[in-house]
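The primary structure of each chain is shown beneath.
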Protein chains: 2
Amino acid sequence: MTGIAPRDLKRLSINQETVKQWSLPELAAGCAAAGIGSVGLWRAPVQEYGVERAARLMRDSGLTVTSLCRGGFFTVADPELRARALDDNRAAIDEAAELATGTLVLVSGGLPAGDRDIAAARERVADALAVLAPYAAERGVRLAIEPLHPMYASDRCVISTLGQALDIAERFPPEQVGVVVDTYHLWWDDLAPAHTARAGAGGRIAAFQLADWVTPLPEGVLLGRGQLGDGCIDLREWRRRVDAAGYEGAIEVEIFNPALWARDGAEVLAEIAERYVRHVS
Amino acid sequence: MTGIAPRDLKRLSINQETVKQWSLPELAAGCAAAGIGSVGLWRAPVQEYGVERAARLMRDSGLTVTSLCRGGFFTVADPELRARALDDNRAAIDEAAELATGTLVLVSGGLPAGDRDIAAARERVADALAVLAPYAAERGVRLAIEPLHPMYASDRCVISTLGQALDIAERFPPEQVGVVVDTYHLWWDDLAPAHTARAGAGGRIAAFQLADWVTPLPEGVLLGRGQLGDGCIDLREWRRRVDAAGYEGAIEVEIFNPALWARDGAEVLAEIAERYVRHVS
């Protein structure tokens, strides 16, 4: 990474799904080698490695965990399924606390099978937060509602815009419930800039994540996120927007892309650092 | 179609892409046989058949053409390409006039290659309308801005919400520029109901189109629209919403779905009529 100084990467955090070819120890070693001091983690690989062991690895490597993905999926109406979802979210909160991250990202969940009432599903998200937010706050964890692109509204996340996320988050104290600003999900929305300012003014920006938008979208539309600079999102403008809203936290790169996973992790990290300096910071 | 009376289908219009296995004469005969009096047409098959000849066929068959799809794709910044796009749109307006439809659907176009300024691209849509709307009005054609789902924002249509469409349409007289309300594109948007009321109050609803939302989305996300009732959209609620906004026009079924195209056209039409009565009217 010729010409990139450590201070250039000060705010950069690597979400582990971006380099999912790496184990947790490889991620820790790779980030250290690349001069990157922060990572975003996912529950499944952390559980597989062992939560306590992962927490120790992060501490010993001097890595800050900027977020844990993810809780949520609590739009079910059935009481038993709902109770199970809330239990799972309490476990996610415990894991976040163990990893010493202040941010648990929530993807709300989609519409239950056969359900056509998206407004009611969104209300159930607020109901779940009312149960979980105090539990999380007691453990030093803030719940971060992530609006996902509207193409996921039916099967993953009924919260599609930053405005919707804030409408729910603002029912709770800002230190308990925040929002995630992710360029991949929000770039198309002409109202998102104003809502970013609103989120910043309310102290609600819990995480800022980056991926670029590229087409054609793959089947299932999950794994088509673009490397920074490969797509049509004005990433620097988004970084300025979030900065102008008063956000001073990590800038987390979260790209789900099999083409990146097929490459050498260190090479991918070097490319991200270079793109980050060129297109973001 | 046992039990379905002609008056049940009075407002139903079949967009020809829904049964694209049919030629224009087959479409005309098939609709007559099914008791359906209106169709939405597309430029390419009409041009292939001959515009004047298609217009005569529609007249002779007693079919009303509720819309012509589509003009638009005028987000280019390059002056020569822009001039060519405007010429093509004038041709589309002429074709709509010849087909005696009052509605030309506009899909704005996406971001030009390498362009990251979506706000500027949206302004170019308004600029193009300023040129085309008077030309269309002189020919008895209203331009209908169609917001497409945000998953098409980069490559097909920078207008993603009904609110954005109205923000542009309202710069022009309502008899010159309207909007399309299409359930497939708008169902996820919590602001769309209010904007539907706003569109109705302003006399701006030029077309109402139906398709259902089903997942997983196919590669390229173009041909994954669901048959009425197969997905998660509350279609009847949308019909009530549009009615409550004062819209009394056609209800056009526009489903791009290879599974429907592989079947017998008459069978597909019968199924649509049955679904329409069950889920919409």
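- For chain A, an unreviewed UniProt entry supplies the name Sugar phosphate isomerase/epimerase and the organism Actinacidiphila cocklensis.

## Focus: the environment of B:Glu237
Piece 1. Checked against the element boundaries, B:Glu237 lands in helix 9 (residues 235-244).
Piece 2. In the structure, B:Glu237 is positioned 43 residues away from B:Val280 in sequence and 8.0 Å away in space, judged by C-alpha atoms.

## Notes on the relation of the copies chain B and chain A
Each of the two copies of the chain can be brought onto the other by a rotation about an axis and a shift along it.
Piece 1. Superposition of chain B onto chain A requires a rotation of 180 degrees combined with a translation of 0.0 Å along the rotation axis, giving an RMSD of 0.0 Å. Taken together, these values place the two copies in the relation of a two-fold axis. Rotation axis and chain B: the residue whose C-alpha lies nearest the axis is B:Glu219, separated from it by 1.9 Å.
Piece 2. A shared binding surface is used by both copies, with 100% of the interface residues of chain B retained as interface residues in chain A.

## Some remarks on the sheet that holds strand 10 (residues 251-253) of chain A
Residue and element names in this part refer to chain A.
Piece 1. Within the closed barrel, the eight strands sit side by side as 1-2-3-4-5-6-7-10. Their pairing is parallel. Neighbour to neighbour, the strand axes of the sheet diverge by 30 degrees on average, direction disregarded.
Piece 2. Here three bridges tie strand 1 (residues 12-15) to strand 2 (residues 38-42), and the two strands are oriented parallel to one another. The residue bridging Ser13 from the neighbouring strand is Ser38, located in strand 2.

## Focus on the packing of helix 6 (residues 162-169) of chain B against helix 8 (residues 192-201) of chain B
Residue and element names in this part refer to chain B.
Piece 1. At a minimum axis distance of 9 Å, the contact between helix 6 and helix 8 shows a crossing angle of 25 degrees. Regarding the angle of helix 6 to helix 8, the classification is roughly parallel. Taken as a pair, helix 6 and helix 8 cross one another with a handedness that is left-handed. Contact residues: helix 6 offers Leu162, Gly163, Leu166 and Asp167, while helix 8 offers Ala192, His195, Thr196, Arg198 and Ala199.

## Observations regarding unusual backbone geometry
Piece 1. Residue A:Arg70 is bonded to the preceding A:Cys69 through a cis peptide linkage, with omega at -10 degrees.
Piece 2. Inspection of the secondary structure assignment puts A:Arg70 in strand 3 (residues 64-72).
Piece 3. The omega torsion across A:Thr215 and A:Pro216 is 0 degrees, close enough to zero to call that bond cis.
Piece 4. If you trace the backbone, A:Pro216 turns up in the loop between strand 8 (212-213) and strand 9 (225-226).
Piece 5. Phi is positive for B:Ala100, which is not a glycine, with a value near 60 degrees.
Piece 6. Topologically, B:Ala100 is positioned in the loop between helix 4 (79-98) and strand 4 (103-107).
Piece 7. At B:Val221, a residue that is not glycine, the phi angle is positive and equals roughly 50 degrees.

## Some thoughts on helix 11 (residues 265-279) of chain A
All names here are of chain A.
Piece 1. Spanning 15 residues, helix 11 covers 20 Å between terminal C-alpha atoms, matching the ideal 21 Å at 1.5 Å per step.
Piece 2. Within the sequence span of helix 11, burial applies to Gly265, Val268, Leu269, Ile272, Ala273, Arg275, Tyr276 and His279.
Piece 3. Elements in contact with the buried residues of helix 11: strand 1, helix 1 (24-34), helix 9 (235-244), strand 10 and helix 10 (258-261).

Conventions and cut-offs
Residues numbered from 1 in each chain as written. Chains lettered and ligands numbered in written order. Predicted model: local features only at pLDDT ≥ 70, side-chain atom pairs only at ≥ 80, totals over all residues. Heavy atoms only, no water. Helix = DSSP H or I, 4+ residues; strand = E, 2+ residues; numbered from the N terminus. Least-squares fit on C-alpha atoms with pLDDT ≥ 70 in both. Contact = heavy atoms within 4.5 Å. Pairing = 2+ DSSP bridges. Axes fitted to C-alpha atoms, helices over the stretch in contact; angles between N-to-C directions. Parallel < 35°, antiparallel > 145°, perpendicular 65-115°, else oblique. Left-handed = near helix turned anticlockwise from the far one by under 90°. Expected span 1.5 Å × (residues − 1). Buried < 20%, exposed > 50% of the residue type's maximum accessible area, 1.4 Å probe, protein only.

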